[in-house]
Amino acid sequence: MRILSGIQPSGTLHIGNYFGAIQKIVESQEKGDLFAFLASYHALTTVKDKELLEKNIFEAAVNFLSVGIDPEKCTFWAQHHVKEVLELYWLLSNHTSMGLLERAHSYKDKVAKGIIANHGLFSYPVLMAADILLYDSNIVPVGKDQMQHVEITRDIANSFNNHYKTDIFVLPESKVDENVATVPGTDGAKMSKSYGNTIDMFGTKKRIKKQVMGIVTDSKELNEPKEWENCNIYKLCELFMNEEELKELQERYATPGEGYGHFKLTLLDKINEYFAPYQEKREHFIANPKEVHEILAYGASKASKVASEKMRVLRDLVGLI
Ligand code: ADP
Ligand code: TRP
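What this report covers is the structure whose coordinates are included nearby. Computed from a prediction, not measured in an experiment: that's the story for all the values here.

Calculation criteria
- Residues numbered from 1 in each chain as written.
- Chains lettered and ligands numbered in written order.
- Predicted model: local features only at pLDDT ≥ 70, side-chain atom pairs only at ≥ 80, totals over all residues.
- Heavy atoms only, no water.
- Near = heavy atom within 4 Å.
- Polar contact = N/O pair within 3.5 Å; in protein donor to acceptor, adjacent residues only side chain to side chain.
- Helix = DSSP H or I, 4+ residues; strand = E, 2+ residues; numbered from the N terminus.
- Phe/Tyr/Trp six-rings, centres within 6.5 Å; stacked < 30°, edge-to-face > 60°.
- Buried < 20%, exposed > 50% of the residue type's maximum accessible area, 1.4 Å probe, protein only.
- Lys NZ or Arg CZ within 6 Å of the ring centre and 35° of its normal.
- Expected span 1.5 Å × (residues − 1).
- Arc of directions from axis to C-beta.
- Contact = heavy atoms within 4.5 Å.
- Areas by Shrake-Rupley, 256 points an atom, 1.4 Å probe, with all protein chains shown as cover.
- Nonpolar A, V, L, I, M, F, W, Y, C, P; charged D, E, K, R; others polar.
- Pairing = 2+ DSSP bridges.

## Examining the site of ligand 1
Now for step 1: Taken together, the neighbourhood of ligand 1 is formed by 15 residues, with H14, D145, V183, S192 and K193 sitting nearest.
Now for step 2: A distance of 3.1 Å separates an oxygen atom of ligand 1 from a polar atom in the side chain of N17.
Now for step 3: Note that a nitrogen atom of ligand 1 is positioned 2.7 Å from one of the backbone N or O atoms of V183.
Now for step 4: The greatest single-element share of the shell around ligand 1, amounting to 4 residues, is contributed by helix α1 (residues 15–28).

Below, the structure written as C-alpha cells:
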C-alpha cells in the first residue's frame, strides 16, 4: 500500500502542522510504503523570494528529519527534483474542467483573503493531483482542509481513465485523523500561520512562552472555579497529556485558587518536554547541511524510478512517442 503526502515549505512550522499532518506522515513509515515530499513547486504560489524559498526548503527538510522521517524506511525528496510531475500536470490539465477548479475552497479562501489570483494558484490542485497520481498513491494523509484536493484528484483521475478507457491511475483516498482534525490556535480559531495565532514547533523557549501566554481565555479570577470544556488552554493540553493528566487538570480547573496563567505554564512545560528530543536532532542537521542535501538527492533518485516509468507508459498512452 502506497501512502503519499507532501507539505509546503512555506514558513515556520506550528503545532497544528505537526499534529494535523507531520506526525501522521512520520507514523505512516511503519504502516506502508511511504512517499513523503516537500512541495517546493507549490510553495512558489506564495514564496517568491529566492533566498527565502531556499531557506524554507532546507528548513522543512531538517524539520522532517528531526521528527523522525527515516530516508531508509521511506522515500523522502523535494518535489522539484523529480520533474516528471510537471509533465503529468500538463497531461492532467487537459482533463480538468474549469468548474472543478473554480469550486475549490482553498482557492476561493485565498482569493477572499486578498491574495491576487494567478494561474499557479488556480491550478494548484492539478499539480497536487499530479503528485498523487504519478506515484500510484493509495492513501493520502492530510489535514481536513486538504480533503477536497484529494477529491479533485479522484475526479481528474476518473476523467482521464474514462477518456483513455484505462485504469492507469489509482484512485486515492484521503486519510484524516478525526481526533486532531483541527488544532485550535491561541485565539480558538484554526491554528494557521496566516492568522497569527500559532505556537511554533521549534521556536526559541522565549518565543514559545510568549505564544502560550497569549492564549485567549475568559476573565475568571483566581478564586473562581473554571470550566475546562471550552478553554483554549485545555484543548491544546489534550494534544500533550494522557487521560490521567487530563483528569488532574480538570480538577485544577474546578478548584478555586489557580488562574489561567498557571494552566498556561503547565501547557508550556508539556510542549517543551515533547519537542526537546527533536530539537537536539534538529541542531545536528542544521550543523550538517551537506548531509541533508545528500538525503534529499537519495530520495529523489528513488522517486525518479517510479516517476519515469509511469511517465513512459503515460506518454505512450496519449500518443507522445
Ligand atoms: P497554515 O494553515 O498554517 O498555512 P498549511 O496550510 O501550510 O498551514 O498546512 C500544512 C499542513 O498542516 C496541511 O496538511 C494542513 O491540513 C495541516 N494543518 C495546518 N493547520 C492545521 C491545524 N490547525 N490543525 C490541523 N492540521 C493543520
Ligand atoms: N497542498 C498540500 C498542503 O498545503 C501540500 C501538498 C502538495 C500535498 N501536494 C500534495 C499533500 C500531495 C498531499 C499530497 O498541505
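The discussion continues.
## As for the packing of aromatic side chains
Now for step 1: The full count for this structure, using the stated rule, is 24 aromatic pairs.
Now for step 2: Measuring from centroid to centroid gives 5.3 Å for Y18 and F275, while their planes differ by 85 degrees, and the two rings are edge-to-face. In this pair, Y18 sits in helix α1 while F275 sits in helix α13 (residues 260–287), placing the two residues 257 residues apart along the sequence. For the pair Y18 and F275, one class covers both residues: buried.
Now for step 3: Taken together, the aromatic side chains of Y18, F19, F240, Y274, F275 and Y278 make up a single cluster linked through ring pairs.
Now for step 4: One residue, K110, lies across the ring of Y124, its end atom 4.8 Å from the ring centre.
Now for step 5: A cation over a ring is seen here: K226 above Y260, with NZ or CZ 6.0 Å from the ring centre.

## Considerations on helix α12 (residues 243–254)
In an α-helix, one turn spans 3.6 residues; hence positions three or four apart end up facing the same way.
Now for step 1: The terminal C-alpha atoms of α12, which comprises 12 residues, lie 17 Å apart, in line with the 16 Å expected from a rise of 1.5 Å per residue.
Now for step 2: Taken as a whole, α12 has its buried residues at L246, L249 and Y253. Projected onto a plane normal to the axis of α12, the buried residues spread over an arc of 60 degrees and lie on a single side. Within α12, the exposed residues directed more than 90 degrees away from the buried face are E244, K247, E248 and E251.
Now for step 3: For α12, the elements touching its buried residues are α11 (232–240) and α13.
Now for step 4: Near the N-terminus of α12, the side chain that reaches the backbone nitrogen of E244, with its oxygen 3.2 Å away, is that of N242.

## Some thoughts on the site of ligand 2
Now for step 1: By nearness alone, 14 residues border ligand 2, and G6, Q8, Y124, D131 and Q146 come closest of all.
Now for step 2: One of the side-chain N or O atoms of Q8 is found 3.3 Å from an oxygen atom in ligand 2.
Now for step 3: Within the side chain of Y124, one N or O atom sits 2.6 Å away from a nitrogen atom of ligand 2.
Now for step 4: Surface burial for ligand 2 is 90%, taken as the share of its 360 Å² of free accessible area covered by protein chains.
Now for step 5: Taken together, the elements giving at least two residues each to the shell around ligand 2 come down to β1 (2–7) and α8 (124–134).
Now for step 6: Looking at the shell around ligand 2, the element that brings in the most residues is α8, giving 4 residues.
Now for step 7: When its residues are assigned to classes, the shell around ligand 2 shows 8 nonpolar, 5 polar and 1 charged.

## Focus on the environment of L267
Now for step 1: Secondary-structure assignment places L267 in helix α13.
Now for step 2: Between the C-alpha atom of L267 and that of T153, which follows or precedes it by 114 residues, the distance is 39 Å.
Now for step 3: Leaving out residues up to four positions away in the same chain, L267 has contacts with V212, I215, I233, L236, C237 and F240.

## Section: the pairing of strand β2 (residues 33–38)
As a general feature of sheets, a regular strand has side chains that alternate between the two faces.
Now for step 1: Within β2, 5 of the 6 residues are buried, leaving the element largely enclosed by the surrounding structure.
Now for step 2: Relative to β2, β1 is paired through 6 bridges, and the arrangement is parallel. In the sheet register, G6 faces β2, and the bridge partner there is F37.
Now for step 3: Where β2 meets strand β3 (residues 75–78), 4 bridges bridge the pair, whose relative direction is parallel. Looking at β3, one finds that A36 is bridged to F76.

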